[in-house]
Structure formats: C-alpha cells, structure tokens
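Observations on chain architecture
Residues per chain, in single letters:
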Amino acid sequence: MHQPRIIQPKARKSPKAFWLKQLHMWHWMSSALSLVGLLLFAVTGFTLNHAADIEGAPAVSELSARMPPALRAALASAPVNGTAPLPAPVAAWVEERFDVRASGDAEWSEAEAYLAAPRPGGDAWVAIDRATGAATGEVTDRGWISYLNDLHKGRNAGGVWSLFIDVFAAACLIFALTGLLLLQLHAAKRKSTWPLVGAGLILPAALAIFFIH
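These remarks concern the structure in this document.

Time to look at the nonpolar core. One finds L86 and V94 to be the most contacted residues of the largest nonpolar core, which totals 25 residues. Of all the elements, helix 4 (residues 88-98) adds the most residues to this core, at five residues. Those residues within four positions of L86 in sequence are excluded, and the remaining contacts are A91, V94, A102, G104, A106, W108, A113 and L115.

Below you can see the structure in the form of structure tokens.
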C-alpha cells in the first residue's frame with residue numbers, strides 16, 4: 001500500500017521578498033516606458049549644451065499665392081482688428097499652399113490677416129491681403145538637430161507633446177525612485193552603493209556652488 005502523501009504548507013514569503021518583486025516590476029516597466037525618451041533627451045541635452053557649435057544654417061523659403069475669389073468673402077466676416085482664427089476654408093487653403101499649421105489665432109487689421117506659425121525646428125508666417133486675396137509667406141527650416149532640440153524644450157510642439165513630456169517625466173520619476181529603493185535593499189551587500197550615490201549628489205552641487213556665478 002502506498003503511504004499517504006504529506007503536503008507541506010508553502011513557506012510564507014518575507015516582506016523583503018515581496019517588496020523586491022514589486023520594486024523590480026515597477027523599475028523595469030518604467031525603464032521600458034522611458035527608455036527611448038531618455039535616449040532622446042540625453043542626446044538633445046548634449047546638442048543643446050553645444051548648440052552654438054553644431055547649429056546649421058537655416059533654409060528659408062519665400063512663397064506667394066493668390067486666394068480664389070470664392071474664399072475672399074470669408075475674410076469679410078472676420079474681425080477688423082484683434083486676434084481670431086482664420087475661417088475654416090481659408091485655413092485649409094493656407095495649409096495646402098504654404099505647408100503650415102493654420103489652426104492658431106491670426107492677427108487681423110483692416111488691410112491684412114497675419115498668421116504666425118512657429119513649429120519645432122523652424123518658423124513660418126503667412127500674410128493675406130484682405131482686399132486682393134494676395135498671400136505671401138516665409139517658411140524657415142533649421143534642420144533636424146534644431147527640431148529635436150525644440151522637442152526637448154517642448155517649444156511650439158503642441159498640447160499632445162506637452163502631455164507626453166508629463167507622462168515621460170512621471171515614468172522617469174518612478175524609474176529613479178524604485179532604483180533608489182532597490183539600492184537601499186541591496187546596499188548591505190554592495191558597500192560602494194552609498195558613496196556612489198553621495199558622489200552623484202555632491203559633484204553637481206559642488207560645481208553649482210563653486211563654478212556657476
């Protein structure tokens with residue numbers, strides 16, 4: 001006859017093992033989410049620090065077009081002075097002819113409508129004569145390095161990119177804090193942990209105190 005099998009109760013995990021598992025999970029998840037962004041912001045941190053040395057010559061394009069008579073009537077309903085968006089059909093025509101975003105407010109006067117359309121890595125503007133429908137514009141492209149630098153700063157990148165920066169910053173914060181807690185849990189076996197953390201704090205603080213005036 002077979003003897004009955006004795007089932008041993010599972011050993012309870014220690015609180016340290018639980019927190020190690022949780023911290024490792026949050027650490028690798030936040031690192032995966034922020035990996036590409038960290039690489040982008042690290043590279044653009046270098047290019048911004050040396051912007052005067054690596055900045056290229058901007059390429060400027062001057063454009064002109066004449067608005068169809070059917071669209072000129074839309075200008076008549078716009079305000080005489082002040083700021084307001086271009087009428088929808090006029091904005092669509094401007095975006096097609098000048099390759100700019102025409103969703104922002106334009107500056108209106110009796111003579112013309114002036115639309116500034118800055119964007120990452122460049123600039124643009126369009127001026128429309130309200131009487132004749134003649135439109136002139138200028139598009140400036142400063143190159144892909146300037147484009148990435150402006151993304152780093154969130155300059156003229158819109159609300160969606162601004163939201164991404166907030167989410168990315170939160171992921172980086174989780175990544176850093178979980179890394180710090182993991183350092184604390186492993187510090188007993190790694191004697192150089194806190195001296196290295198201290199050096200990471202003292203070095204930039206000393207540079208700021210003694211060399212930045």
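Alright, that's what it looks like, and here's the rest.
Structurally, the position occupied by A92 is in helix 4. The partly exposed category is assigned to A92, whose relative accessible area is 45%. Linking A92 and P120, residues 28 residues apart in sequence, is a C-alpha distance of 21 Å.

What follows covers the side chain of T140. Structurally, T140 can be placed in strand 6 (residues 134-141). We classify T140 as buried; its relative accessible area is 11%. Excluding residues that lie within four positions of it along the chain, T140 makes contacts with P58, A59, V60, G121, G122 and D123.

Time to look at the packing of aromatic side chains. Per the stated rule, a full pass over the model turns up five aromatic pairs. With a centroid separation of 6.2 Å and an interplanar angle of 70 degrees, the aromatic rings of W93 and F98 are classed as edge-to-face. F98 sits in the buried class, given a relative accessible area of 2%. Residues F164 and F168 carry aromatic rings whose centres are separated by 6.0 Å and whose planes lie at 20 degrees to one another, so their mutual orientation is stacked. A residue pair is termed a helical-turn pair when its members lie 3 or 4 positions apart in one helix, as F164 and F168 do in helix 6 (residues 158-186) at four residues. Aromatic rings pair up to connect F41, W161, F164 and F168 into one cluster.

Before going further, it helps to spend a moment on the packing of helix 6 against helix 7 (residues 193-211). Packing of helix 6 against helix 7 brings their axes to within 10 Å, and their N-to-C directions diverge by 145 degrees. Two secondary-structure elements touch here, helix 6 through L180, L183 and Q184 and helix 7 through T193, W194 and V197. Of the residues in the contact of helix 6 with helix 7, the class split is four nonpolar, two polar and no charged.

Turning our eyes to something else, we now look at unusual backbone geometry. Excluding glycine, a negative phi dihedral is what most residues carry, and trans is how most peptide bonds are arranged. Of note, D99 is a non-glycine position whose phi angle comes to about 55 degrees, a positive value. Its location among the elements puts D99 in the loop between helix 4 and strand 3 (105-108). A relative accessible area of 57% places D99 in the exposed class.

Cut-offs applied
- Residues numbered from 1 in each chain as written.
- Predicted model: local features only at pLDDT ≥ 70, side-chain atom pairs only at ≥ 80, totals over all residues.
- Heavy atoms only, no water.
- Core = buried A, V, L, I, M, F, W, Y, C linked by side-chain atoms within 4.5 Å.
- Buried < 20%, exposed > 50% of the residue type's maximum accessible area, 1.4 Å probe, protein only.
- Helix = DSSP H or I, 4+ residues; strand = E, 2+ residues; numbered from the N terminus.
- Contact = heavy atoms within 4.5 Å.
- Phe/Tyr/Trp six-rings, centres within 6.5 Å; stacked < 30°, edge-to-face > 60°.
- Axes fitted to C-alpha atoms, helices over the stretch in contact; angles between N-to-C directions.
- Nonpolar A, V, L, I, M, F, W, Y, C, P; charged D, E, K, R; others polar.

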